[in-house]
Amino acid sequence: MGAGKTTVGSLAAARLEWPYRDGDAMLEATTGQTAAVLRDAEGAEALHRAEFRVLQEALGSDVPSVIGAAAAVVDDPACRAALRAPGVAVAWLRADPAVLGRRFVAAAGGEGAYRPAYGEDPAAFLAAQARRRAPRFVACRPLVVVDTGRLSPADAAERIVAALRSAARSAAR
């Protein structure tokens, strides 16, 4: 939430000439609801189950693609296993929770309103969430970890593309 998965993922996909599969857009197409509406109507667990299904569907494609999955997918052991499968490369986008909190607040009234709100202090919520999820992201064996709070979206996308190309060259040897 706020790490830049749509912006960075779209740029990386364009550079790779692969399709970009946006988890939020796929969720809305599948459920007919935004993440925020689904969470408010059915609860966080229902939202996360839907996000897990969206990831599984995206990973099931035979076409190489960049997937902008919800961070919550790392909370599900089956999703973590799917993200470690052969042929799957994970780029972990992260930023300081204060940066994420500012982005969240800035987007909350506009384009970011599709994501659920988490209290009066999003930075504190996001810091606690990051501490809880960090070991789960590590368990996905990310190919690259990108600090989107310090890099421009273009530079972040370039790091991902470079890591993928490097891994492909290594695998070809």
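The structure this text deals with has already been given above.
Quick notes on the rules
- Residues numbered from 1 in each chain as written.
- Predicted model: local features only at pLDDT ≥ 70, side-chain atom pairs only at ≥ 80, totals over all residues.
- Heavy atoms only, no water.
- Helix = DSSP H or I, 4+ residues; strand = E, 2+ residues; numbered from the N terminus.
- Contact = heavy atoms within 4.5 Å.
- Areas by Shrake-Rupley, 256 points an atom, 1.4 Å probe, with all protein chains shown as cover.
- Expected span 1.5 Å × (residues − 1).
- Bend = angle between axes of the 7 residues up to and from the residue.
- Buried < 20%, exposed > 50% of the residue type's maximum accessible area, 1.4 Å probe, protein only.
- Phe/Tyr/Trp six-rings, centres within 6.5 Å; stacked < 30°, edge-to-face > 60°.
- Lys NZ or Arg CZ within 6 Å of the ring centre and 35° of its normal.
- Axes fitted to C-alpha atoms, helices over the stretch in contact; angles between N-to-C directions.
- Parallel < 35°, antiparallel > 145°, perpendicular 65-115°, else oblique.
- Nonpolar A, V, L, I, M, F, W, Y, C, P; charged D, E, K, R; others polar.

Engineer: Looking at this model, I keep getting lost on the overall build of the chain. Mind explaining?
Structural biologist: The secondary structure content of the chain amounts to eight helices and four strands. From first element to last, N terminus to C terminus, the chain shows the α and β order α-β-α-α-α-β-α-β-α-α-β-α. Principal axes of the C-alpha set define a box for the chain whose edges measure 50 × 30 × 30 Å. Considering only residue pairs separated by 6 or more positions, the chain has 70% of its internal contacts joining residues 24 or more positions apart. In the form shown here, the chain has an accessible surface area of approximately 9,300 Å², with 54% of it arising from carbon and sulfur atoms.

Engineer: Honestly, helix α7 (residues 122-139) in this entry has me stumped. Any pointers?
Structural biologist: Turn by turn, an α-helix covers 3.6 residues, leaving residues three or four places apart pointing in a common direction. Between its first and last C-alpha, α7 extends 25 Å over 18 residues, near the 26 Å set by a 1.5 Å rise per residue. At R133, α7 is deflected by roughly 40°, the largest bend along its length, and proline P135 occurs up to four residues later in sequence. For α7, the set of buried residues is P122, L126, A127, Q129, R133 and F137. R141, located one to two residues past α7, shows a positive phi value of around 55°.

Engineer: What is the right way to look at the packing of aromatic side chains in this model?
Structural biologist: Each aromatic ring pair is summarised here by two numbers: the centre-to-centre distance and the angle between the ring planes. Tallying each qualifying case throughout the model produces one aromatic pair. Measuring from ring centre to ring centre gives 4.9 Å for W92 and F137, while their planes differ by 10°; the resulting arrangement is stacked. Residue W92 is located in strand β3 (residues 91-94), and its partner F137 is located in helix α7; the two are separated by 45 residues in the primary sequence. One cation-aromatic arrangement involves R94 over W92; the distance from NZ or CZ to the ring centre is 4.8 Å.

Engineer: Sorry if this is basic, but what is going on with the packing of helix α3 (residues 35-42) against helix α4 (residues 44-59) here?
Structural biologist: Working note: a packed helix pair is described by the angle between its axes plus the distance between those axes. Relative to each other, α3 and α4 sit at 135°, their axes nearing to 6 Å. Judged on the interaxial angle alone, α4 and α3 are oblique. In this structure, α3 uses A35, L38, R39 and E42 to contact α4, whose residues at the interface are A44, A46, L47 and A50. Residues that form the contact of α3 with α4 fall into these classes: six nonpolar, no polar and two charged.

Engineer: I'm lost on the environment of A95 in this one. Help?
Structural biologist: Within the element layout of this structure, A95 appears in the loop between β3 and α6 (97-108). Residues A95 and G4 lie 91 residues apart in sequence; the distance between their C-alpha atoms is 9.3 Å. In this view, A95 contacts L100, R103, D147, T148 and G149; residues no more than four positions away in its chain are not counted.

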